[in-house]
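Take a look at the letters that make up each chain.
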Amino acid sequence: MVALLVILTIVIALAVDSIVLHRQGRSVADETLQPIVAMKLPQPPQGVFLDQAHTWLRITSDGRLRVGIDDFLAEAVGQIDKVEVPAQGTTIERGSPLFTLTVKGRKLVIPSPASGTLMSANDKTQRDPSAVVRDPYGAGWVASIWTRDHHAAITPLRIGAAATHFLREELHRLADFMVPSGSMARVPVMADGGLPGKGSAASLDDKAWESFSREFVNASEQTTPNA
């Protein structure tokens, strides 16, 4: 009888261990098999002007310049936790900070594509920062600026085919950037070549994040694109 109890105890213990190991293995598999979603090919809409620092502006019917981030940057960061905009009436110079995005606790300072006076911030993106990623050219706009010289504001910017070409080139540049940063796993192999995964920039370590910001958003010199 005692021997039977010992055998039953051993069998039960082995069964419990098997269940625990099975659950742990399934949990690890669930974590490692999360699908990598590739960034969408950038496709800026008609009527928006793009800056090389990955902001866009559109001239509204009342003459204001509505500003947001382009779809390349939105896809690269993947999520935004907070949007900070200076006070109304702040004087803004082209290339100076216009607003700040918080991504996984880290700041990304976004320079202004034009000079002018800050008129308003988008209440929707203040309440729901994820809108900046979901609809960057629409409901996800961030701030509006008033400028006295609309021609000067749009002259350094790209529009139409030139804007689309620029963003496609930036997408491939990001893929090259991600490989030496140790994030090759975030670059899925697509039929048309390697494309970064959505949110791949947010997965970078702090040093690489600073490099991403410097390389793609806060370049030291603003250049005028070729006609």
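For the structure, check the block above.
Counting starts from 1 at the beginning of each chain's written sequence and moves along it residue by residue. In keeping with the predicted nature of the model, local features appear solely for residues at pLDDT of at least 70, side-chain atom pairs appear and are counted solely at 80 or more, and the whole-chain, interface and lining totals rest on all residues. Derived side-chain values reflect all non-hydrogen atoms in the structure, with water molecules and hydrogen atoms excluded from consideration.

Trainee: Is there a simple way to think about the overall build of the chain in this case?
Mentor: A run of H or I in DSSP counts as a helix once it spans at least four residues, and a run of E counts as a strand once it spans at least two, with each numbered from the N terminus. Helices and strands together make up the secondary structure of the chain, namely seven helices and eleven strands. With a 1.4 Å probe rolled over the protein chains alone, any residue whose accessible area is under 20% of its type maximum counts as buried; one over 50% counts as exposed, and the rest are partly exposed. Every one of the 227 residues in the chain was classed for burial, and the buried ones make up 41%. Of the contacts formed within the chain by residues at least 6 apart in sequence, a portion of 65% connects residues at least 24 apart. The method behind every accessible area is Shrake-Rupley, applied with a 1.4 Å probe, and residues are considered shielded solely by the protein chains displayed. Working note: accessible area of the chain is about 12300 Å², and carbon and sulfur atoms make up 57% of it. Note on definitions: a residue-residue contact is assigned when non-hydrogen atoms from the two residues lie within 4.5 Å.

Trainee: Even after reading the chapter, I still don't get the sheet that holds strand β4 (residues 82–84), so can you show me in this structure?
Mentor: Adjacent strands of a sheet pair through backbone hydrogen bonds, lying either parallel or antiparallel. Note: two strands are recorded as paired if DSSP finds a minimum of 2 bridges between them. On the basis of which strands lie adjacent, the open sheet formed by three strands has the order β4-β6-β7 and antiparallel pairing. Since the sheet does not close on itself, it has two edges, and those belong to β4 and β7 (106–111), each with one partner. Geometrically, the sheet is characterised by an average inter-axis angle of 20° between neighbouring strands, direction not taken into account. Direction of pairing for β4 relative to strand β6 (residues 97–103): antiparallel, over a ladder of three bridges. Pairing of E84 across the sheet is with T100, part of β6. Helix α7 (residues 206–217) contacts β6 and β7 of the sheet and is inclined by roughly 10° relative to β7. With axes taken as lines fitted to C-alpha atoms, and helix axes fitted only over the stretch in contact, angles between N-to-C directions fall between 0 and 180 degrees.

Trainee: So what exactly am I meant to see when it comes to the packing of aromatic side chains here?
Mentor: Aromatic rings in a pair are described by how distant their centres are and how their planes are angled relative to each other. Side-chain rings of Phe, Tyr and Trp, where Trp is taken by its six-membered ring, are said to pair if the distance between their centres is within 6.5 Å; with planes under 30 degrees apart they count as stacked, over 60 as edge-to-face, and otherwise as tilted. In total, this model carries six aromatic pairs according to the counting rule given. Seen in terms of ring centroids, F72 and F216 are 6.0 Å apart; in terms of plane orientation they differ by 35°. Their pairing is tilted. Here F216 lies in helix α7 and F72 lies in helix α2 (residues 71–77), a separation of 144 residues in the sequence. Accessibility expressed as a relative area gives 2% for F216, which makes it buried. Following the ring pairs from residue to residue traces out a cluster consisting of F72, F177, W209, F212 and F216. In this scheme, the term charge over a ring applies when either NZ of a lysine or CZ of an arginine sits within 6 Å of the ring centre and within 35 degrees of the ring normal. When the ring centre of F166 is taken as origin, the NZ or CZ atom of R158, which lies over that ring, is 4.3 Å away.

Trainee: Is there a simple way to explain the environment of N218 in this structure?
Mentor: Residue placement: N218 occurs in the segment after α7. Sequence separation of N218 and V109 is 109 residues, and the distance between their C-alpha atoms is 7.7 Å. When near neighbours in sequence (up to four residues on either side) are disregarded, N218 contacts V109, P111 and S213. Here a polar contact means two N or O atoms within 3.5 Å. Within protein one must be a hydrogen donor candidate and the other an acceptor candidate, and residues neighboring in sequence count only if both atoms are side-chain atoms. In terms of polar contacts, N218 uses its side chain to reach the backbone carbonyl oxygen of V109, at 2.9 Å.

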